[in-house]
Structures are given as C-alpha cells and as structure tokens.
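# Coordinates in review
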Amino acid sequence: MMSTVAIAAALLAGTAAAQEPGSRQTRDYVQAAGESDTFEIMEAQSALAESKDPDVLAFARQMIHDHGETSRALRDATASAGLKPPPMAVSESQAPFLAALQSLRGQEFDRGYWRQQALSHRSALVTTQLYAATGDAPAVRQAAAAALPVIQSHLAMAEQMSAKLGG
C-alpha cells in the first residue's frame with residue numbers, strides 16, 4: 001500500500017509533467033524548427049558523402065553551417081525563455097524522405113536533394129513565418145524572425161537548382 005507521502009509525490013510529479021513550460025504553440029514550433037534543422041543537416045551530410053556536383057556540395061556545406069547557427073539560436077532562445085531545448089532528431093514524417101534520398105545515386109541523388117530541399121524549406125518557411133508573426137515567447141519569436149531570411153535564401157536556391165535540373 002502506498003503511503004500518503006508517496007501518493008502526493010506521484011500526483012505532484014504528474015502535475016509537473018502536465019505543466020511543461022511554454023504554450024502549446026511555442027512547444028510545437030520549437031519541435032518543428034529543431035526537427036527541420038536536424039533534417040537539413042542530415043541531408044547535407046548525405047550530399048557531402050554522395051554528390052560530386054560542386055553546386056550541391058557548396059549548398060550542403062552552407063546548410064550545415066546555417067542550420068547549425070539557427071539551431072544554436074533556437075537553443076539559446078529556449079534556454080532564455082525557460083523552455084525545453086529543441087529536439088536533435090528528424091520527425092517520423094521526415095525519416096522516409098531522408099531514407100529515400102540516401103538510396104539515390106549520381107544525378108538522381110542531386111535531383112532528389114534539390115527537390116527535397118525546396119519542399120522542406122517551403123514547409124519551414126511557412127512554419128517560421130507564422131511563429132515569427134504570432135508566437136507568444138518573445139525570445140523564440142525573435143529567433144524565428146532571424147531565421148526567416150536564411151530559410152528564404154535556401155528556398156530560392158533550392159527552387160532555382162531544382163528547376164534547372166528538371167526536378
């Protein structure tokens with residue numbers, strides 16, 4: 001039989017877990033942005049290992065640098081807001097895209113990479129624009145706003161290269 005103290009401790013632990021810091025909107029954005037950065041970095045690492053195309057290689061190196069920076073800014077923003085840091089993993093919906101890309105070779109890899117980069121940056125742009133405009137955690141909203149020009153630049157390049165290669 002549980003003691004009264006044990007029951008109270010269990011109830012408090014459950015309440016603490018249910019009262020995770022930050023609004024649902026902020027937690028969802030932090031998770032999506034963290035997963036997006038991780039996905040971009042993992043795809044870029046795959047590109048560095050597989051591609052021979054100088055444009056792909058240059059873009060991949062830029063992705064690793066830029067998404068490392070946006071990840072760092074988001075981690076700093078969540079820390080200053082007292083929130084959990086963003087996850088460093090891809091989402092369940094991103095994992096099949098990463099696996100599909102990693103199964104490609106040669107020019108098919110390059111076309112797939114550009115196509116996926118355009119798609120993922122379009123999604124990240126919409127998510128980030130929305131949070132930058134309506135987010136309720138000022139530090140996280142500022143990090144989102146600072147990430148917008150980076151995401152827009154990546155999207156423009158990915159769309160241009162995808163169109164050039166017929167993707």
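The following refers to the structure shown.

What counts as what
- Residues numbered from 1 in each chain as written.
- Predicted model: local features only at pLDDT ≥ 70, side-chain atom pairs only at ≥ 80, totals over all residues.
- Heavy atoms only, no water.
- Helix = DSSP H or I, 4+ residues; strand = E, 2+ residues; numbered from the N terminus.
- Buried < 20%, exposed > 50% of the residue type's maximum accessible area, 1.4 Å probe, protein only.
- Contact = heavy atoms within 4.5 Å.
- Areas by Shrake-Rupley, 256 points an atom, 1.4 Å probe, with all protein chains shown as cover.
- Polar contact = N/O pair within 3.5 Å; in protein donor to acceptor, adjacent residues only side chain to side chain.
- Phe/Tyr/Trp six-rings, centres within 6.5 Å; stacked < 30°, edge-to-face > 60°.
- Core = buried A, V, L, I, M, F, W, Y, C linked by side-chain atoms within 4.5 Å.
- Salt bridge = Lys/Arg side-chain N within 4 Å of Asp/Glu carboxyl O.

## A closer look at the overall build of the chain
- Of the regular secondary structure elements, the chain holds six helices and zero strands.
- Burial status across the chain gives 39% buried among its 167 residues.
- Within the chain, residue pairs in contact and separated by at least 24 positions form 73% of the contacts whose partners lie at least 6 positions apart.
- Roughly 9,100 Å² of accessible area belongs to the chain as shown, and the carbon and sulfur atoms make up 60% of that amount.

## What to know about the environment of Arg115
- Summarising the element assignment, Arg115 is placed in helix α5 (residues 106–134).
- Its relative accessible area of 39% is what places Arg115 among the partly exposed residues.
- C-alpha of Arg115 to C-alpha of Met161: the two residues are 46 residues apart in sequence and 8.6 Å apart in space.

## Observations concerning the side chain of Ser91
- By the element assignment, Ser91 lies in the loop between α3 (54–80) and α4 (95–102).
- For Ser91, the side chain forms a polar contact with the side chain of Ser93, separated by 3.0 Å.

## Some remarks on the packing of aromatic side chains
- By the definition in use, this model includes five aromatic pairs.
- Summarising the aromatic geometry, the rings of Phe59 and Tyr113 are spaced 6.1 Å apart at their centres and angled 75° between planes, so their arrangement reads as edge-to-face. Of the two residues, Phe59 is situated in helix α3 and Tyr113 in helix α5; the sequence distance between them amounts to 54 residues. The same class applies to Phe59 and to Tyr113, which are both buried.
- When the ring of Tyr113 is compared with that of Trp114, the centres are 5.8 Å apart and the planes differ by 55°; the resulting orientation is tilted. In this pair, the class of Tyr113 matches that of Trp114, namely buried.
- Each member of the aromatic cluster is reached from another via a ring pair, and the members are Phe59, Phe109, Tyr113 and Trp114.

## Some remarks on the nonpolar core
- Within the largest apolar cluster, 18 residues are counted, with the highest numbers of intra-cluster contacts made by Tyr29, Leu74, Leu125, Tyr131, Val140, Ala144 and Ile151.
- Mapped by element, the contributors of at least two residues to this core are α2 (24–50), α3, α5 and α6 (138–164).
- With residues up to four places along the chain from it excluded, the contact list for Leu125 reads Leu148, Ile151, Gln152 and Leu155.
- Core analysis: the second largest hydrophobic core is formed by 13 residues, Leu101, Tyr113, Ala118 and Met161 among them.

## Structural notes on the pattern of salt bridges
- For the coordinates displayed, the defined rule picks out six salt bridges.
- Between Arg72 and Glu69 there is a salt bridge, and its shortest N-O distance comes to 2.7 Å. Here Glu69 and Arg72 lie together in helix α3, a separation of three residues that amounts to about one turn.
- By relative accessible area, Glu69 is classed as partly exposed at 39%.
- The salt bridge involving Arg111 is made with Glu108; its shortest N-O contact spans 2.5 Å. Of the two residues, Arg111 and Glu108 both sit in helix α5, three residues apart, roughly one turn of that helix.

Geometric values such as these leave the question of function open.
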